[in-house]
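# Chain and residue survey
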Amino acid sequence: MVEPVQKPLYALGLRLLATLALSSLIMLVKLTSESGVALPEILFWRQVPSGVLIFAWLALRGETARLRTQRLPTHARRAMLGLSGMFFTFGAPILLPLAVATTFGFTTPIFAVILSALLLREKIGPVRWLAVVLGFTGVLIIAQPGHAAIPLFGAFVGIGAGFMVALISIQVRDLSRTEESLSIVFWFSALSAPILAAALPFYASAHTPWQWFLLISCGLMGLLGQLLLTAALRYGQVASVIVMDYSALVWATIYGWLIWDELPPTATWLGAPAIIAAGGIIAWREHVHNRAISPTATSSAE
């Protein structure tokens, strides 16, 4: 397989657009929930367009064979984890101000370090462990245990979202060894949508045109975000493009101010730099590590 040409600036632009799309998705989820639509139904309509549109696009091109897989049980496990992660990821902005929920989501790289040590037996150096401590210090500053500024349950859900995304990322990394991105996204949609559909009789209700617009927008914006994320990683390295993810705090703050007339509490502005700095340190160490092993990988490939 021919390696795609690396275009760092193009990749950064794609990742920035992906972050905007996913920040818009989170905003739409919060709006949809406040309009009276239950979270399980929001998740159903978030998932269905992805699978349908991917299958339709491949069918028109006569390329549905690209969806064949020998790892259906692994896709099923990914779907179960993904569903759990979506409840946390979409539940957090419903329970918290957008900027606070977004900041808690920045804990993903921190949890990724811990999970890499526990599950993948990777050797973690003192710099990355220091970043983990720094990141969780930021979490404590924002959550302020014992204070009512941030709901404790909301903080738990927000931190849980960061943990679940890290756990899912490790599984997706494993799937990516044999499966292409379109296949991973398709099977996640195809396997999770029926489970969510089974919950519809308990949660579904008649919707206004505005609610249908929000639901459809959630599905399309989620698909757009996933495709942009995939494209960014095609043209740039993870450690290089991930810095764009922190722009989500800007979008969340803007949306929160324009739509809900809310600005992040002071604790968020104090704790967010620590979490962002921790993620930046982890990304930098990953970049240094990749550069250190690339000559060896290149010579062995030759």
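Presented here is an overview of the structure given in this document. Quick caveat: nothing in here was measured; it's all calculated off a predicted structure. By convention here, each chain's residues receive numbers from 1 onward along its written sequence. Since the coordinates come from a predicted model, pLDDT governs what is reported: local features require at least 70, and pairs of side-chain atoms require 80 or more to be given and counted, while whole-chain, interface and lining totals use all residues. Processing note: side-chain calculations cover all non-hydrogen atoms of the structure and skip hydrogens and water entirely.

### Focus: the overall build of the chain
Along the chain, the regular secondary structure elements total 12 helices and 0 strands. Runs of E in the DSSP output that reach at least two residues are strands. Runs of H or I that reach at least four are helices, and both are numbered from the N terminus. Helices (α) and strands (β) of the chain occur, in sequence order from the N terminus, as α-α-α-α-α-α-α-α-α-α-α-α. Burial status across the chain gives 47% buried among its 302 residues. For this analysis, residues touch if any pair of their heavy atoms sits within 4.5 Å. Nonlocal contacts in the chain, meaning residues at least 24 apart in sequence, comprise 88% of its contacts between residues at least 6 apart. Under the convention used here, a 1.4 Å probe and the Shrake-Rupley method define accessible areas, while residue burial counts only the protein chains that appear. Carbon and sulfur atoms provide 70% of the accessible area of the chain, an area that totals close to 15,400 Å². Whether a residue is buried, partly exposed or exposed follows from its accessible area with a 1.4 Å probe, protein chains only, as a fraction of its type maximum: under 20%, in between, or over 50%, in that order.

### Details of the environment of Ile 195
With respect to the helices and strands, the residue Ile 195 is situated in helix α8 (residues 181-203). Spatially, the C-alpha atoms of Ile 195 and Pro 40 are 9.9 Å apart, while their sequence positions differ by 155 residues. Setting aside chain neighbours within four positions, we find Ile 195 in contact with Met 80 and Leu 83.

### Focus on the packing of helix α1 (residues 8-34) against helix α11 (residues 248-260)
To get an axis, fit a line to the C-alpha atoms, keeping to the stretch in contact for a helix; angles then go from 0 to 180 degrees between the N-to-C directions. Close contact between α1 and α11 brings their axes to 9 Å; oriented N to C, the two are set at 35°. Crossing of α1 over α11 shows right-handed handedness. The residues of α11 that touch α1, namely those facing Leu 16, Thr 19, Leu 20, Ser 23, Ser 24, Met 27, Lys 30, Leu 31 and Glu 34, are Ala 248, Trp 251, Tyr 255, Ile 259 and Trp 260. Among the residues making up the contact of α1 with α11, the classes are represented as 9 nonpolar, 3 polar and 2 charged. When the near helix sits turned anticlockwise from the far one by under a right angle, the crossing is termed left-handed; a clockwise turn instead gives a right-handed crossing. Polar here means any residue outside two lists: the nonpolar Ala, Val, Leu, Ile, Met, Phe, Trp, Tyr, Cys and Pro, and the charged Asp, Glu, Lys and Arg; Gly therefore counts as polar.

### Details of the packing of aromatic side chains
Any pair of Phe, Tyr and Trp rings, taking the six-membered ring for Trp, is counted once the centres come within 6.5 Å. Such a pair is stacked with planes under 30 degrees apart, edge-to-face with planes over 60 apart, and tilted for the rest. Overall, the coordinates contain 10 aromatic pairs when judged by the stated rule. For the pair Phe 88 and Phe 156, a centre-to-centre distance of 6.3 Å together with 65° between the ring planes defines the contact as edge-to-face. Separated by 68 residues along the polypeptide, Phe 88 in helix α3 (residues 72-95) and Phe 156 in helix α7 (residues 152-175) bring together distant segments of the chain. The exposed category is assigned to Phe 156, whose relative accessible area is 53%. Ring centres 5.6 Å apart and planes at 20° place the aromatic pair Trp 210 and Phe 213 in the stacked group. Within this pair, Trp 210 and its partner Phe 213 are both found in helix α9 (residues 209-235), separated by 3 residues, close to a single helical turn. Here a set of aromatic residues connected by ring pairs shows up, and it is made of Phe 44, Trp 45 and Trp 212. The side chain of Lys 30 reaches across the aromatic face of Trp 260, ending 5.5 Å from its centre. Our definition puts a charge over a ring when NZ of Lys or CZ of Arg is within 6 Å of the ring centre and also within 35 degrees of the ring normal.

### Describing empty space enclosed by the protein
Only protein atoms enter the 1 Å grid, on which a cavity is a set of points fitting a 1.4 Å probe that cannot get out and a pocket is an open set with protein on both sides within 12 Å along at least 5 of 7 lines, lining residues being those with an atom within 4 Å of a point. Grid points are joined across faces, edges and corners, and a volume is the space filled by probe spheres set on the points. A full pass over the atoms with the stated rule returns 1 cavity of 30 Å³ or more. Volume-wise, the largest cavity comes out at about 30 Å³. Lining the largest cavity, in full, are Pro 97, Leu 98, Ala 99, Ala 252, Thr 253, Gly 256, Glu 262, Leu 263 and Pro 264. Residue assignment for the lining of the largest cavity shows that the elements contributing at least two residues are α4 (98-105) and α11.

### Thoughts on the pattern of salt bridges
Take a side-chain nitrogen of Lys or Arg and a carboxyl oxygen of Asp or Glu: if they are within 4 Å of each other, that pair is a salt bridge. Scanning the model with the defined rule gives 4 salt bridges in all. A salt bridge links Glu 63 to Arg 66, with the nearest nitrogen and oxygen atoms 2.7 Å apart. Take Glu 63: its relative accessible area is 23%, and that puts it in the partly exposed class. Residue classification places Arg 66 among the partly exposed positions, given a relative accessible area of 30%. A salt bridge links Arg 66 to Glu 180; the nearest nitrogen and oxygen atoms lie 2.7 Å apart. With Arg 66 in the loop between α2 (39-60) and α3 and Glu 180 in the loop between α7 and α8, the pair connects residues that are 114 residues apart, well separated along the chain.

### Some details on the side chain of His 75
Relative to the helices and strands, His 75 is located in helix α3. Engagement of the side chain of His 75 in a polar contact is seen with the side chain of Thr 69, the distance being 3.5 Å. Among all residues touching His 75, those that are not within four sequence positions of it are Thr 69, Leu 175, Glu 179, Ser 183, Ile 184, Trp 187 and Leu 191. Polar contact criterion, stated in full: a pair of N or O atoms within 3.5 Å, where within protein one must be able to donate a hydrogen and the other to accept it, and residues adjacent in sequence count only if both atoms are side-chain atoms.

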